[in-house]
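Coordinates in review
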Amino acid sequence: MNRLRLVPMVRERRKYQRAREYLDFEVDGASVRGLADTGLDLISVLATDRPRDPLRVARVLGEAPGDTPDGRVLLYVCPECEDIECGAIAAKVSRRGDLVTWRDFGVPEEDEADNEFAEHAVTFSAREFRRELASR
């Protein structure tokens, strides 16, 4: 089982772009974002500069259906519009009791044949995730 932490981050303001605050997913000391090296400007779906979306939390914990046609869950999205069309990182999410597993990280494409996903897997405790989230 992996150790998942939620690390406060700030995406700095840039010309014509706003600053965004969010919680990054860190697994065993490294950002999950690095598992799918996209080079895209993305923030996690756990933005802290607006009210928390309970559906997004449920999705990342495998408690609700995914965001994409193939059932993947968005973990990172565009910081401006949070839309999948601007780029995103998604993963397949499964749940077995308290254990949540994220696997096959990558950038979902409209043409599913173009999708390339990193074959990593991360498993963590949903209870620990919720405890960490509540402390933020």
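Every chain is numbered on its own, with residues counted from 1 as its sequence reads. For a predicted model such as this one, the threshold for reporting local features is a pLDDT of at least 70, and the threshold for listing and counting side-chain atom pairs is 80 or more; totals across whole chains, interfaces and linings nevertheless cover every residue. Side-chain metrics in this entry use all non-hydrogen atoms of the structure; hydrogen atoms and water are not considered.

1. Quick word on the pairing of strand β6 (residues 89-96)
DSSP-based pairing: two strands are paired if at least 2 bridges between them are found. By the criteria applied, helices consist of DSSP H or I runs no shorter than four residues and strands consist of E runs no shorter than two, each listed in order from the N terminus. Of the pairings in the sheet, the one linking strand β5 (residues 73-77) to β6 comprises three bridges and is antiparallel in character. Paired with V73 across the strands is A91, a residue of β6. The sheet contact formed by β6 and strand β7 (residues 99-106) spans six bridges and is antiparallel. For V93, the partnering residue across the bridge sits in β7 and is W102. Between β6 and β7, which pair antiparallel one after the other, the connecting turn spans two residues, and G97 there sits at a positive phi close to 65°.

2. Side note on the sheet that holds strand β3 (residues 30-31)
Across the sheet, which stays open at both edges, the three strands sit in the order β1-β2-β3 with antiparallel pairing between neighbours. The sheet terminates laterally at β1 (4-11) and β3, the two strands that pair on one side only. Here β1 runs beside strand β2 (residues 20-27); their pairing, made up of eight bridges, is antiparallel. Paired with R11 across the strands is R20, a residue of β2.

3. Focus on helix α2 (residues 126-134)
Only protein chains enter the accessibility calculation, which uses a 1.4 Å probe. A residue is then buried if its area is under 20% of the maximum for its type, exposed if over 50%, and partly exposed in between. Residues A126, F129, E132 and L133 constitute the buried set of α2. In an axial view of α2, the angular spread of the buried residues amounts to 125°, which keeps them on one side of the axis. Among the exposed residues of α2, those pointing more than 90 degrees away from its buried face are R127 and A134. Of the residues flanking the start of α2, the one acting as N-cap is S125, its side-chain oxygen 3.3 Å from the backbone nitrogen of R127. By definition, the arc is the one covered by directions from the helix axis to the C-beta atoms. Each polar contact in these results corresponds to two N or O atoms within 3.5 Å; when the atoms are within protein, one needs to be able to donate a hydrogen and the other to accept it, and residues that are neighboring in sequence are counted only if both atoms are side-chain atoms.

4. Observations concerning the packing of aromatic side chains
Classification of ring pairs rests on two measures: the distance between centres of Phe, Tyr or Trp rings, Trp counted by its six-membered ring, which must be within 6.5 Å, and the angle between planes, read as stacked under 30 degrees, edge-to-face over 60 and tilted in between. Per the stated rule, a full pass over the model turns up four aromatic pairs. Seen in terms of ring centroids, F25 and W102 are 5.0 Å apart; in terms of plane orientation they differ by 80°. Their pairing is edge-to-face. Remark: W102 occurs in strand β7 and F25 occurs in strand β2; sequence separation between them is 77 residues. The class of W102 is buried, set by a relative accessible area of 0%. For the pair F124 and F129, a centre-to-centre distance of 5.8 Å together with 35° between the ring planes defines the contact as tilted. In this pair, the class of F124 matches that of F129, namely buried.

5. Quick notes on the environment of F124
By the secondary structure assignment, F124 is in strand β8 (residues 117-125). C-alpha separation for the pair F124 and W102, spaced 22 residues apart in sequence, amounts to 8.7 Å. Contact criterion: two residues are considered in contact whenever any of their non-hydrogen atoms come within 4.5 Å of each other. Once you skip the residues sitting within four places of it in the chain, F124 turns out to touch M1, N2, L4, V60, L61, D98, L99, V100, W102 and F129.

6. Quick notes on the pairing of β2
Most of β2 is tucked away: seven of the eight residues are buried. The pairing of β2 with β3 spans two bridges and is antiparallel. Across the sheet, the residue bridging to E26 is S31, located in β3. With antiparallel pairing between neighbouring strands as the criterion, β2 and β3 make up a hairpin whose turn holds two residues, including D28 at a positive phi of roughly 50°.

7. Re the side chain of E82
For E82, the location among the structural elements is in the loop between β5 and β6. Here the side chain of E82 touches R20 through a polar contact of 2.9 Å, side chain to side chain. Once residues within four sequence positions are removed from consideration, E82 is found in contact with R20, A47, R50, R56 and V77.

The values are spatial; any link to function lies outside them.
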